[in-house]
Amino acid sequence: MIEISGLTKTYGTATVLDGIDLRVDDAQIGAIVGPSGAGKSTLSRCINLLERPTSGSVTVNGLDLARLRSRELRTARRQIGTVFQSANLLRRLTAAQNIALPMRHAGLPDDELRARVAELLERVGMLHRANHYPSQLSGGQRQRIGIARGLALRPSVLLSDEATSGLDPDTTAAILSLLRELRTDLGVTILVITHEMDVVRSVADVVFQLDHGRIVEHGAVADVVRRSDSSLSRALLPLPAAAAADERRTWTVRYEDARVNPLWLSQATAELGAPIAILAALVEEAGHTTVGRLTLGIDPALDPHKVTSTLGRHGLTAEHHLRPLAPEEVVA
Ligand code: ADP
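None of these values were measured; they are calculated from a predicted model. (Residues numbered from 1 in each chain as written. Predicted model: local features only at pLDDT ≥ 70, side-chain atom pairs only at ≥ 80, totals over all residues. Heavy atoms only, no water.)

Student: Looking at this model, I keep getting lost on the pattern of salt bridges. Mind explaining?
Tutor: If charged atoms from side chains of opposite charge come close, those side chains can pair. Scanning the model with the defined rule gives 15 salt bridges in all. Residues Asp64 and Arg67 are paired through a salt bridge, measuring 2.8 Å at the closest nitrogen-oxygen approach. Overall, Asp64 belongs to the buried group, its relative accessible area being 14%. Here Arg67 falls in the exposed class, since its relative accessible area comes to 70%. A salt bridge links Asp205 to Arg183, with the nearest nitrogen and oxygen atoms 2.9 Å apart. Here Arg183 lies in helix α6 (residues 169-186) and Asp205 lies in the loop between α7 (197-203) and β9 (206-211), a separation of 22 residues in the sequence. In this structure, Asp205 and Arg183 share a single accessibility class: buried. Beyond isolated ion pairs, a larger network of salt bridges with shared partners links Lys9, Arg45 and Glu51. (Salt bridge = Lys/Arg side-chain N within 4 Å of Asp/Glu carboxyl O. Buried < 20%, exposed > 50% of the residue type's maximum accessible area, 1.4 Å probe, protein only. Helix = DSSP H or I, 4+ residues; strand = E, 2+ residues; numbered from the N terminus.)

Student: How should unusual backbone geometry be read in this particular structure?
Tutor: Backbone phi values are negative for most residues with the exception of glycine, while trans is the configuration of most peptide bonds. Positive phi is not limited to glycine here, since Ala27 has a value of about 55°. Within the secondary structure, Ala27 sits in the loop between β2 (14-24) and β3 (29-33). With phi around 60°, Leu49 is a residue other than glycine that occupies positive phi space. Counting through the fold element by element, Leu49 comes out in the loop between α1 (40-47) and β4 (55-60).

Quick look at the structure:
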């Protein structure tokens, strides 16, 4: 578990992080998102204590790392393993030697070290590449080695700092699937810092949106995507393209697979006594659930409250847009 409380970082007169509070439990994946310049890299460096926060605490398993003196900090920092963008492997060392490096620095005996390296290589599916040099590995393979190195000292928290940036979609998917496995199998807390919303949608349990050095919105991904009035929700699940064009004359509807009545379309049509046109649809996996957004065209003569309540009874959250559909625009 990692808990960050009141974390502030200033450089001279510039406040880059301003009272950050966040918590991610064991066996959970938390994502920190935000636009360029929001403070993500600074937060990452304050979490793994490459930089000291100006004030506030970074608590891992009950120990406030930000308060420790340098010597204690060196040991305590092992609680947090970091995976960087493009892995940052040492070019002159093999995959196995790169993974061994933190253990060598920590003074692990040779036999223990060798066994642990083999275990980690196997864990990330790279046993067959143990003696390859970084230049002989693909981007995804290098990132697997980076993850193994991040796990070398059995950290409680694995911090992934833009670890999938620059990887192609298939490789990204494979790395994210590995992170999910690690969360489940090892119970490790994973913090993913990313600017990619696809990454959040596919891997995170909880999400924190950083902007101008503050957390402006946060929550369980499954809850956030159901919010109707939220910029984070819109960023996670953008409106289908047709909705953007037709926004003023339509309804936007959200639903969660587990809660929606599968027969909603035919039943709501019967109850409203009017056809419902599905103009656009977007269905995504997010936070262990399937969520969707639909853009619907419904007869504008109907009372909006009746439409909202009818759809609501079937498990859909509906928002009305300004200009109603003209009757001739409604297609069944
Ligand atoms: P992100 O990773 O979200 O793009 P950064 O953490 O890199 O954001 O930067 C956040 C803000 O902090 C930026 O305005 C940047 O210029 C400023 N900043 C980052 N590091 C320093 C530093 N060492 N000194 C002064 N300003 C910094």
